[in-house]
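This is what each chain is made of:
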Amino acid sequence: MSTYSRSPLTPSAAPFTATAARSTRTILPGFGLTMGFTLAYLGLIVLIPLLAAFVRTAGMSWSDFIAAVASPRVMAAYRLSFGASIAAGLVNMVFGLIVAWVLVRYSFPGKRIIDAIVDLPFALPTAVAGIALTSLYAPNGWVGRWLAPLGVKVAFTWAGVFVALTFIGLPFVVRTVQPVLQDLEPEIEEAAATLGASRLQVIALVLLPELLPSLLTGFALAFARALGEYGSVVFISGNMPMKTEIVPLLIITKLEQYDYSGATAIAVVMLVSSFILLLLINLLQKWSRRYHAV
Amino acid sequence: MTRLGGAEPGTLNAHNDLTPAIQTAIPSRSARAALPRAVRDPAWARWFLTAVALVFLAFFLVLPLVIVFAEALSRGLGYYLSSISDPDALAAIRLTLLTVAIVVPANVVFGVCAAWAIAKFRFRGKSLLTTLIDLPFAVSPVISGLVYVLVFGAQGWFGPWLIEHNIRVIFAVPGIVLATTFVTFPFVARELIPLMQAQGTDEEYSAVTLGASGWQIFWRVTLPNIRWGLFYGVVLCNARAMGEFGAVSVVSGHIRGETNTMPLHVEILYNDYNIAGAFAVASLLALLALATLVLKSVVEWRQTGTP
């Protein structure tokens, strides 16, 4: 999920690294120490605890596992979590593209501040975002009071979950599309225009295909983040079983009832979904890199 | 380039790296303003799209930020000050600071080690290792807490042994520290890895040929080169560590004055219908977020050279 070596500065053909390519033996010290510490820390903090979830679930019988991960209440939570995450991701894809476009192509006063504030959802603790959004969208809140007469309820409904997940996913699309858009040379558009394409044709046939990989990557990242999100959602969702209960909340509920196996089984389903998404995002980024290398 | 959760500094690096390319294509700001007519959008489209973007950001970013401070001060400054100097609030602030003081240095040491091994040497399975380092970003915070309950909880692998020796991990401070470490695990490493890869090994090799020892190379050559990236990683790691809610919520046990961090204290006050009090403590966390954004912009401007 990374383009670590995207930088043009990487001196991959440096004289010393040519010999280093065949083995790890170089004249630089510290490989054993740093690698050993890295692997030990990774194992102790991340891998062994994650393994515990799979080991615990492996100890369950198949029928217990199915009962835990496919009961009607759990299915309702999957529907809500996946549905609201997809909806929020799609909205972010559209508005994220517009925000990125405006930030790269136009200039207006305060643009630098707007650019900086796009990262707010990364920096603001999720619990703070949760209570702030709830206050805004509650029936007597700043936004909710204008929606209530129209019969639109946001807080404590499906729409509340969607609003919180949109907030959380907002920076992903902007920050994946922005650099690609910045890198795009106006000459391509100019060439299309001189060949007789209208502005709309340029956008649809030249720009969008060029931006598609990064748009999809941004969507996938926002979606993956939204699936696991807890803090910003629990306050605004109302947490009614079968209706507004997201999967992470259900895991906590099971834990509080000392149903450790049930909680872990659902967690394993979510972990496997996340790993598949991670793989997908990696492939998407490889694709978008190849796209841009050509 | 991108990661699940957490900030997106990799992307920022990528777009910093691209700056020279843009500068060659478009020599200056004034030249850019004079984009060829065919490529410029009509004025109405510019206005419309800018308005759409700003309204969207106003509703989703600016209003939530403003309401935090408005609600925090809704019962007056006196109530605000007493809310954040309440003994339970102070205990929560102390616990949050203690957690950060353990977690951030641990992840800095890890991040520097991982970046050194990955960026300066070649070995098999490097891409697998970098993917594994990113793994915590793909895991729901709730699950990050849960796995530690499975290892150290009463029913967990080490549970009976810990009870026998009267050591508490879950529903106590060690559990909070571990869960926070998990959640903030990749931040420093993934800031440093691309940076050190981009810088290559030439300077370090020169230092070796001049007879420098490993530590001398690190302190005098590598560290000065990576200091801004490292600083940025620390800022991001710190922000996430202070604000982590889901993972800590699972392992903390919510004992007031003892195992409540700041976000958990916000939750308790909010659920007690002490809205102004909850937002008062939340406003401290919001200030932290704003400080993070400012520091991030400063580092970015330093790196790209634009004021």
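Residues numbered from 1 in each chain as written. Chains lettered and ligands numbered in written order. Predicted model: local features only at pLDDT ≥ 70, side-chain atom pairs only at ≥ 80, totals over all residues.

A. Summary view of the overall build of chain A. When you go through chain A residue by residue, the secondary structure sums to 14 helices and 0 strands. Starting at the N terminus and walking to the C terminus, you meet the elements of chain A as α-α-α-α-α-α-α-α-α-α-α-α-α-α. The buried share among the 294 residues of chain A stands at 45%. In chain A, the proportion of contacts linking residues at least 24 apart, taken out of those at least 6 apart, comes to 78%. (Helix = DSSP H or I, 4+ residues; strand = E, 2+ residues; numbered from the N terminus. Buried ≥ 20, exposed ≤ 12 C-beta atoms within 10 Å, placed from the backbone. Contact = placed C-beta atoms within 7 Å.)

B. Region of interest: the overall build of chain B. Within chain B, the secondary structure is distributed over 15 helices and 0 strands. Within chain B, buried positions represent 50% of all 307 residues.

C. Inspection of the domain arrangement of chain A at higher detail. Residue and element names in this part refer to chain A. Each domain of chain A was delimited in the assignment, giving domain 1 (31–60) and domain 2 (62–293). Contact residues are listed per partner, giving 5 residues for domain 1 and 8 residues for domain 2. Considered class by class, the residues forming the side of domain 1 that touches domain 2 number 3 nonpolar, 1 polar and 1 charged. (Domains from an automatic or database assignment. Nonpolar A, V, L, I, M, F, W, Y, C, P; charged D, E, K, R; others polar.)

D. Inspection of the confidence of the model for chain A at higher detail. All names here are of chain A. For chain A, per-residue confidence averages 87 on the pLDDT scale, and residues scoring 70 or more make up 90% of the total. Looking over chain A, one finds the lowest element-wise mean pLDDT in helix α1 (residues 15–20), namely 42, and the highest in helix α7 (residues 126–137), namely 96. Ignoring residues within four places in sequence, the model shows residues 1–24, a span with pLDDT below 50, making 50 contacts including any to other chains. (pLDDT = per-residue confidence, 0-100.)

E. Seen up close, the environment of I276 of chain A. Looking at where I276 of chain A falls in the secondary structure, it is placed in helix α14 (residues 260–293). Distance from I276 of chain A to A224 of chain A, taken between C-alpha atoms, is 10.0 Å for residues 52 residues apart in sequence.

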